[in-house]
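Observations on chain architecture
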Amino acid sequence: MSLLVLKNVKKIYHQGVINVPALKGVELIVEKGEFTTVFGPSGSGKTTLLNVIGCLDKPTEGEIYFTGDNIADLDKRYLAEIRRKNIGFVFQSYNLIPVLTAYENVEFAIKILKNISSREIKKRVFKMLELVGLQGLENRKPNELSGGQKQRVAIARSLVKKPKLVLADEPTANLDSKTGEDVLKIMLEMNEELKTTFLFSTHDPLVMDYAQRKIELKDGQITRDERREELDVFN
Amino acid sequence: MFLIKLSLKNLMRHKRRTMITAAIIAWAIFFYITFDSFLLGMNDLVFQNIIDYEYGHVQVANSSYWENKDELPLKNLMFNNEEINKKLTEIRNYKAHAPQINFQLRLSDGINETPVMGKGISPQETLNVLNYEDYIVEGRIFQAGERKAVIGKRLADIMKLELHDYVTLLTRTKSETFNTIDAEIGGIINTPNPTINQNIVLLPLDVVQDTLSVDNMVTHFIVRLDDQNFAPQIVEEFNNELQGMDRNLSVYSWRNLDEVSITQAKQSGNNFILFIVLTIAAIGIINIVILAALERMEEIGMMKAMGLKEREIILSFVLESTGIGVLGGIFGCILGAISVYFFSLYGLDFAAFVDIDMSTFGVPLISKIYGTWNPDAFINMFLFAVFGSMLASILPARWAAKKDPVQAIYKR
């Protein structure tokens, strides 16, 4: 069973009397463990697509099957429950909580899940911070971390609860190219190691090279969907 | 648990803003506690002044007389006989009693005239109930049968009267005919009770009875107890016994006095001030939550993206505001305690306020007012601050939590 299936998904924003179509009948299937990028120019609908998939926004029309269940018409409380348990987010501007340390920011994502012991939480948070290369920086607050380090915290936060899907909206947009590449490598490592499905948006051609699958979006429609079997980005 | 931790950390995010809001709440609490302590202290003093210089702990009178007592009538009087005197000594916790006649009087020095209240008293018995003896500043209290008067110092000053001066006291008898008493000023009294000092002329009971043609009758008896707290119980107990003897007679506690209701009205005024001040504090809390929500819009969006429910986001803001309420409550109670401590130790001397006569405001006292500890005020104010802050934050927190996650994340 596919992780994600989108059937004729449309999203129309109403701006006063004007209707602005952001997605125009998107058809998409994402399998478990994929490392996929959605690229395209600004205004092509990348962020809207990720928001709709991530249960942050509802489609105007169409069906979205997540692990086999249609989530398109669910109530916002159920959508929140799906996000809580199954979806991790990485944002362009990191969105870390400034009063919490790196450890606490990651811990926050797992603390809101019930039935996980304190010991297990601690173990998972330290492991995740170690995996993203932040061991020793656990007690630093966001203002004491570089942009790349902040984004690593955000990646650790998105992964610590072992979600089925991680959505990253332009995760390297605020980073220099070297740091951006490092962050992408970490995401790719996590994909390899944890078998977590990644779907991220970008308009940076360099970043696209890291993806196993590249989906091009133009004017709210998928215009290209390419896959490649082997990646040599670590070489 | 994590939300509590987050809220505590958020409290310290804008220390100055948190401290200013907490300070507003603390000031409100401090103000209330100090004012409350002052009022209670004033009440205690007012009651003590009335008990010690005017009323005793309980009074016995004809119930028809009592209803009109402020008009100083000479109707519905009671006999000052052996039977009633004996009966009064049977009151539980009894210490002393004395008969009195309150009546209308005009005091004249031959040139000026002023209306006052005459009090016919039996000197020795009255001194056992009321504390006049310590406050006779000139002369002495009269003996029975002497045509001498004791007047207050302020009245003497106003009328420019001195010891041994003669005054004419004009009154109406029981049968509504005019009669006068020519009396020598035998003593001048200066008590902490301004009513006694300014409005009352004390005269021997037998002289007054003769002048008013009331035979051996009096308007009422005043009774002193060993413990004033027994007064309300005694009213209940003794009323039936007394009415067995004469069903027109009733016992009244000092707690039935008009002044008690005046001080209760003052308490309502205190509550009104509290309402105003805490409304300002609530506006501060609402303001701080809205500001915090606007500043943290992206964080709220991120929390919603992570799957936090609306009620959990509301809770995080409410906990933060409650924290401000707790801080304000603690500081306010500490400041209030310091204020009450000094106030109860050193008091507030109204003599220091030149020309302020509290009797003008219906408060029969002129001495120093000491603060009174009222633990209830501390507990109530602390709870008020905590729950008030909590309640004030719910609506703005709800507004923040209801934000669309996409709009919040991208600050649209």
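Residues numbered from 1 in each chain as written. Chains lettered and ligands numbered in written order. Predicted model: local features only at pLDDT ≥ 70, side-chain atom pairs only at ≥ 80, totals over all residues. Heavy atoms only, no water.

1. Notes on the confidence of the model for chain B
When pLDDT drops low, the exact placement of atoms in the prediction is not to be read closely. Averaged over all residues, the pLDDT of chain B equals 86, while 92% of them reach at least 70. Per the prediction output, this complex has pTM 0.72; the corresponding ipTM is 0.87. (pLDDT = per-residue confidence, 0-100.)

2. What to know about the pattern of salt bridges
Under the criterion given, the structure shown has 35 salt bridges over all chains. Residue Glu120 of chain A is joined to Arg124 of chain A by a salt bridge in which the shortest nitrogen-to-oxygen separation is 3.6 Å. Residue Glu120 of chain A and its partner Arg124 of chain A are located together in helix H4 (residues 118–131), separated by four residues, close to a single helical turn. By relative accessible area, Glu120 of chain A is classed as partly exposed at 27%. Overall, Arg124 of chain A belongs to the buried group, its relative accessible area being 15%. Close ionic contact of Arg224 of chain B with Asp52 of chain B constitutes a salt bridge, the shortest N to O distance being 2.9 Å. Remark: Asp52 of chain B occurs in helix H2 (residues 15–55) and Arg224 of chain B occurs in strand S11 (residues 220–225); sequence separation between them is 172 residues. (Salt bridge = Lys/Arg side-chain N within 4 Å of Asp/Glu carboxyl O. Helix = DSSP H or I, 4+ residues; strand = E, 2+ residues; numbered from the N terminus. Buried < 20%, exposed > 50% of the residue type's maximum accessible area, 1.4 Å probe, protein only.)

3. Structural notes on the interface of chain B and chain A
How big an interface is tends to be stated in terms of the accessible area lost upon association of its parts. With 23 residues of chain B in contact, the opposing surface of chain A contributes 28 residues. When chain B packs against chain A, close to 2,400 Å² is buried across both sides, 61% of that on carbon and sulfur atoms. Residue Lys309 of chain B pairs with Glu81 of chain A through a salt bridge whose shortest N-O separation is 3.3 Å. Put simply, the parts of the chain that give the side of chain B that touches chain A at least two residues each are helix H1 (2–11), helix H11 (297–305), helix H12 (310–346) and helix H14 (405–409) of chain B. Element by element, the count of residues in the side of chain B that touches chain A is highest for H11 of chain B, at six residues. Counted by class, the side of chain B that touches chain A contains 11 nonpolar, two polar and 10 charged residues. (Contact = heavy atoms within 4.5 Å. Buried area = accessible area lost by both parts, 1.4 Å probe. Nonpolar A, V, L, I, M, F, W, Y, C, P; charged D, E, K, R; others polar.)

4. Observations concerning the sheet that holds strand S5 (residues 69–70) of chain A
The sheet built from four strands is open, its strands ordered S2-S1-S4-S5 (chain A) with antiparallel pairing. Only two strands of the sheet have a single neighbouring strand rather than two, namely strand S2 (18–30) and S5 of chain A. (Pairing = 2+ DSSP bridges.)

5. As for helix H13 (residues 375–401) of chain B
With 27 residues, H13 of chain B ought to run about 39 Å at 1.5 Å a step, and its terminal C-alpha atoms sit 38 Å apart, in line with that. Of all the bends in H13 of chain B, the greatest reaches close to 35 degrees and is centred on Ile394 of chain B; the proline Pro396 of chain B follows between one and four positions later. (Expected span 1.5 Å × (residues − 1). Bend = angle between axes of the 7 residues up to and from the residue.)

6. Some details on the nonpolar core
Grouped together as the largest cluster of nonpolar side chains are 116 residues, with contacts concentrated most on Leu6, Ile53, Phe108 and Met187 of chain A together with Phe317 of chain B. If one sorts the elements of this core by residue count, helix H10 (residues 258–295) of chain B sits on top with nine residues. (Core = buried A, V, L, I, M, F, W, Y, C linked by side-chain atoms within 4.5 Å.)

7. A short note on a nonpolar patch on the surface
Residue and element names in this part refer to chain B. The grouping of Met19, Ile330, Phe331, Ile334, Leu335, Ile338, Tyr341, Phe342, Leu345, Tyr346 and Trp373 at the surface amounts to a nonpolar patch, some 1,100 Å² of accessible area in total. Per element, the largest residue contribution to the nonpolar patch is nine residues, and it comes from H12. In this fold, Ile330 is placed in helix H12. (Patch = residues over 30% accessible without salt bridge, like charges linked within 9 Å, V, L, I, M, F, W, Y side chains within 5 Å. Areas by Shrake-Rupley, 256 points an atom, 1.4 Å probe, with all protein chains shown as cover.)

8. A few points about the pairing of strand S7 (residues 165–169) of chain A
Residue and element names in this part refer to chain A. Where burial is concerned, most of S7 is hidden: five out of the five residues are buried. Side chains Leu165, Leu167 and Asp169 project from S7 onto one buried face, and the interleaved Val166 and Ala168 project onto a second face that is buried too. In this sheet, S7 lies alongside strand S6 (residues 87–90) in parallel orientation, the contact comprising four bridges. The residue of S7 that forms the bridge with Gly88 is Val166. Pairing between S7 and strand S8 (residues 197–202): five bridges, direction parallel. Across the sheet, Val166 pairs through a bridge with Phe198, a residue of S8.

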